Amino acid sequence: MTPRTALKPVLIEQDVETQMPDGTILRSTVYRPADGDPCPVLLTRTPYGRDLSVNSAYFNPVTVAAAGYVVIMQDCRGRFGSDGDFEPSANEASDGATTVEWAARLPYSNGAVGMWGRSYFAETQWRAAALAPNGLAALSPGISAGANANNGSLYRGGAYELGSRFSWGHASISANELLREFAGDPELQGKELQTWLDLDRSFSDGSAFGALPLRELSARLGTFMNRHVLPSAGESPGNSFTRLWDEASITSVSLPTLHIGGWFDIFCPSTLSQYAMQLEHSRTGAAPAPRLIVGPWAHTNFSGSYPEVNFGLNAAGGMMNGLGDLSGLQTAWFDAVLKDEPERLRNVPAVLLYFMGENQWRGFDELPSPRSHRSWFLGADGSLRDTPGSGGSVEYDYDPLDPVPTAGGATMIHGAVPAGPAHQQAVEARDDVLTFTTAPFDAPVTIFGEVSATFFAASSAVDTDFVVRLCRVTPDGTSLGLADGIIRASWRDSYGGTGLWEPGHEPSPIEPGRPYEYTVSLWQTAYTFAPGERLRVQITSSCHPRWDRNLNTGKLAFDSAETIVARQSILFGEGHPSRLTAGIL
């Protein structure tokens, strides 16, 4: 990046009010240059508290304002300082568009408004942009929600994203909702808060996730969780809320966009699909080509450091090959698109991707496609080979009362289950986890882009789950989880072929003992295996509490505590070519 101009003194204003068309008042904190000269506005809208400490390496409102911007951080309707009631996703389009047009008219605004922010903040950008408000000129969505509801945001392969959804509702929303709900009765508020704290301990140690049936948690949950989160555990992919969720970014926008994501983020597919949508739109000439940054990051961790893996300081959102932190990169991008200063991005690739294993950033003009695709076929004695071998099968028992514990992954689980790459030795030591491993590579192999598994399996149950995980195995035998996915057998037709949701299929039971073909999407990754390392595929039937348990009875864990042990068979060979397929760069 080229150097920016001298920084300006900053004025901070609290509780700046914006009136919505229905009379509801939303409140913001405004950071702006003290000189009052008109300049572009950078707006974010959040349900998590506008004055909550923001990771300054991601976006620092003070230094960005000092660089010549009005930075507005607004509480969403019904949250913290804003009036009204919070209904997730329902009001963000209208409220966002109204706020954009208000911001464009401020006396210290030059009329151009950019939006920024990650997760729900990103969803609010897409929803506002869908109404094309006057003044909106750029979007910078990070780890973006608002897409892929049936491919991991809410459901995955037919299974419910138990850990992430319950953690979001409990840790991010419910405490403030409780304080607002009982604000007029301090004594009752204190009792409800104590109940929340007791529940928090259960979420933190994981015991709350063990409830069967899940609906019995209702007595311990507050109003928000009972209204907006718990019921979804008893619903199915394709429901009305998944449709509302996906509407956020269902169409492209004729604006410059900067997309920021992480390989271990629960919304990584959303980030990549939104970038691809904008790239295709740009080819019509209706918008500039989008930019993209994807690091070895999780939803709330931009450090590149995890309990069992550290990718180094250069992997962090504060370094990135010496290009600076994400706050500075976003400022430079806004300088380019809102201040007509393209030279600020002279040394920044349009697409910046971190390749794990080789542990370095690579730059591209646009997101590349794999040069080829390669399949590894499951074989006898736990082998993984380039061609199908002789036919055979291997079996294991899946007991829903003893599920395989979640160990890393693209998760967002409150408490003792951190996201990211994680060692798999304890998981692989279990009798209900199968492993298939290649011979050591004799040259570097870079897996890039979509990873999927197609396999043939039979079960003694009428419904069950299969989890597939891609791992790297070092010469000393350490197994590291890189990517994974799940398929619920009853939803196999909705995810057939690609492992991605396809509407129009109803769930159906399986016939016990009959082999079926399944496809699981493991999402996307970028990892270079070094010579001497091996690739491993795990197959099991649970990953708890990431996904809700399949009880093997045809009933949901939301409704029932009855379980049976299922005998699972994984078939391989020329007649049943079970395999993992990945792009090679």
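Our structure is the block above this text.
What you are looking at is a predicted structure, and each value in this text was computed from that prediction instead of being measured.

A. Quick look at the overall build of the protein. Looking only at helices and strands, the protein features 10 helices and 24 strands. On C-alpha atoms alone, the protein measures out to a radius of gyration of 24 Å, which is about the 25 Å that the 2.2 N^0.38 rule sets for 585 residues. Here the C-alpha coordinates of the protein stretch approximately 75 × 60 × 40 Å along the principal axes. Classification of the 585 residues of the protein by burial places 59% in the buried group. Pairs at least 24 apart in sequence give 76% of the contacts found in the protein among residues at least 6 apart. If you sum the accessible surface of the protein, you get close to 21100 Å²; carbon and sulfur atoms cover 50% of it.

B. Here's a closer look at the packing of aromatic side chains. Taken as a whole and judged by the stated rule, the model has 29 aromatic pairs. Taking 5.5 Å as the distance between ring centres and 20 degrees as the angle between the ring planes, the aromatic pair formed by Phe-355 and Phe-448 counts as stacked. Linking Phe-355 in strand S11 (residues 351–355) with Phe-448 in strand S18 (residues 445–459), this pair joins segments that are 93 residues apart in sequence. Comparing Phe-355 with Phe-448, the two get one shared label, buried. Three or more aromatic residues joined by ring pairs form one cluster here, namely Tyr-58, Phe-264, Trp-297, Phe-302, Tyr-306, Phe-311, Tyr-354 and Trp-361. Above the plane of the ring of Tyr-69 lies Lys-339, whose end atom (NZ or CZ) is 4.1 Å from the centre.

C. Up close: the pattern of salt bridges. Applying the stated criterion across every chain, the model contains 29 salt bridges. Where Arg-488 meets Asp-548, a salt bridge forms, and the shortest distance between an N and an O atom there is 3.1 Å. A residue pair is termed long-range when its members are at least 10 positions apart, and Arg-488 in strand S20 (residues 479–488) and Asp-548 in the loop between strand S22 (534–540) and strand S23 (566–572) qualify at 60 residues. Each member of the pair, Arg-488 together with Asp-548, is buried. Put simply, Asp-15, Arg-50 and Asp-75 are held in one network by salt bridges that share partners.

D. How the structure looks around the side chain of Gln-125. You can see Gln-125 is positioned in helix H3 (residues 120–130). At a separation of 3.1 Å, a polar atom in the side chain of Gln-125 contacts the main-chain carbonyl oxygen of Gly-117. Not counting residues within four places of it along the chain, the set of residues in contact with Gln-125 comprises Met-115, Trp-116, Gly-117, Leu-139, Ser-140 and Pro-141.

E. Looking closely at the packing of helix H4 (residues 162–181) against helix H5 (residues 186–205). It is at 10 Å that the axes of H4 and H5 come closest, and there the two elements cross at 165 degrees. Here H4 lies roughly antiparallel to H5, going by the angle between them. Handedness of the crossing formed by H4 with H5: left-handed. Across the interface between the two elements, Phe-166, His-170, Ser-174, Ala-175, Leu-178 and Leu-179 of H4 pack against Gln-189, Glu-192, Leu-193, Trp-196, Leu-199, Asp-200 and Phe-203 of H5. Taken together, the residues of the contact of H4 with H5 sort by class into 8 nonpolar, 3 polar and 2 charged.

F. Representation of the sheet that holds S20. Reading across the sheet, the 5 strands line up as S16-S20-S19-S22-S17 and stay open at both edges, with antiparallel pairing between neighbours. Edge strands, defined here as strands with exactly one partner in the open sheet, are strand S16 (422–423) and strand S17 (434–437). As judged from the 2 bridges shared by S16 and S20, these two strands associate in the antiparallel manner. Counterpart to His-423 in the pairing with S20 is Leu-480.

G. Helix H2 (residues 92–105), seen in detail. Taking 1.5 Å per residue, 14 residues should reach 20 Å; H2 reaches 20 Å between its end C-alpha atoms and fits that length. Residues Glu-92, Asp-95, Gly-96, Ala-97, Thr-99, Val-100, Trp-102, Ala-103 and Ala-104 constitute the buried set of H2.

H. Spatial organisation of unusual backbone geometry. The peptide bond linking Leu-212 to Pro-213 adopts the cis configuration, its omega dihedral lying at -10 degrees. By the secondary structure assignment, Pro-213 is in the loop between H5 and helix H6 (223–229). A positive phi angle, near 55 degrees, is found at Asp-340, a position not held by glycine. Relative to the helices and strands, Asp-340 is located in the loop between helix H9 (326–338) and S11.

I. The arrangement of the pairing of strand S6 (residues 136–144) in detail. Within S6, 8 of the 9 residues are buried, which leaves the element mostly enclosed by the surrounding structure. Across 7 bridges, the pairing between strand S5 (residues 109–119) and S6 is parallel. Bridge pairing in S6 places Trp-116 opposite Ser-140. Crossover S5 to S6 through H3 is right-handed.

J. H3, seen in detail. The element H3 is extensively covered by neighbouring structure, given that 10 of its 11 residues are classed as buried. Taken as a whole, H3 has its buried residues at Tyr-120, Phe-121, Ala-122, Glu-123, Thr-124, Gln-125, Trp-126, Arg-127, Ala-128 and Ala-129. Once H3 finishes, Ala-132 follows within two positions and takes phi at roughly 50 degrees, a positive value.

K. Region of interest: the pairing of strand S24 (residues 579–584). Two strands pair when backbone bridges link them, and strand S13 (residues 372–378) and S24 are joined in this way by 6 bridges, in the antiparallel orientation. Bridging across to S24, Ser-372 finds its partner in Ile-584. Across 5 bridges, the pairing between S18 and S24 is antiparallel. When the sheet's bridge partners are listed, Ser-452 is paired in S24 with Thr-581.

Conventions used here
- Residues numbered from 1 in each chain as written.
- Predicted model: local features only at pLDDT ≥ 70, side-chain atom pairs only at ≥ 80, totals over all residues.
- Heavy atoms only, no water.
- Helix = DSSP H or I, 4+ residues; strand = E, 2+ residues; numbered from the N terminus.
- Rg over C-alpha atoms; globule rule 2.2 N^0.38 Å.
- Buried < 20%, exposed > 50% of the residue type's maximum accessible area, 1.4 Å probe, protein only.
- Contact = heavy atoms within 4.5 Å.
- Areas by Shrake-Rupley, 256 points an atom, 1.4 Å probe, with all protein chains shown as cover.
- Phe/Tyr/Trp six-rings, centres within 6.5 Å; stacked < 30°, edge-to-face > 60°.
- Lys NZ or Arg CZ within 6 Å of the ring centre and 35° of its normal.
- Salt bridge = Lys/Arg side-chain N within 4 Å of Asp/Glu carboxyl O.
- Polar contact = N/O pair within 3.5 Å; in protein donor to acceptor, adjacent residues only side chain to side chain.
- Axes fitted to C-alpha atoms, helices over the stretch in contact; angles between N-to-C directions.
- Parallel < 35°, antiparallel > 145°, perpendicular 65-115°, else oblique.
- Left-handed = near helix turned anticlockwise from the far one by under 90°.
- Nonpolar A, V, L, I, M, F, W, Y, C, P; charged D, E, K, R; others polar.
- Pairing = 2+ DSSP bridges.
- Expected span 1.5 Å × (residues − 1).
- Right-handed = clockwise from strand over helix to strand, strands pointing away.

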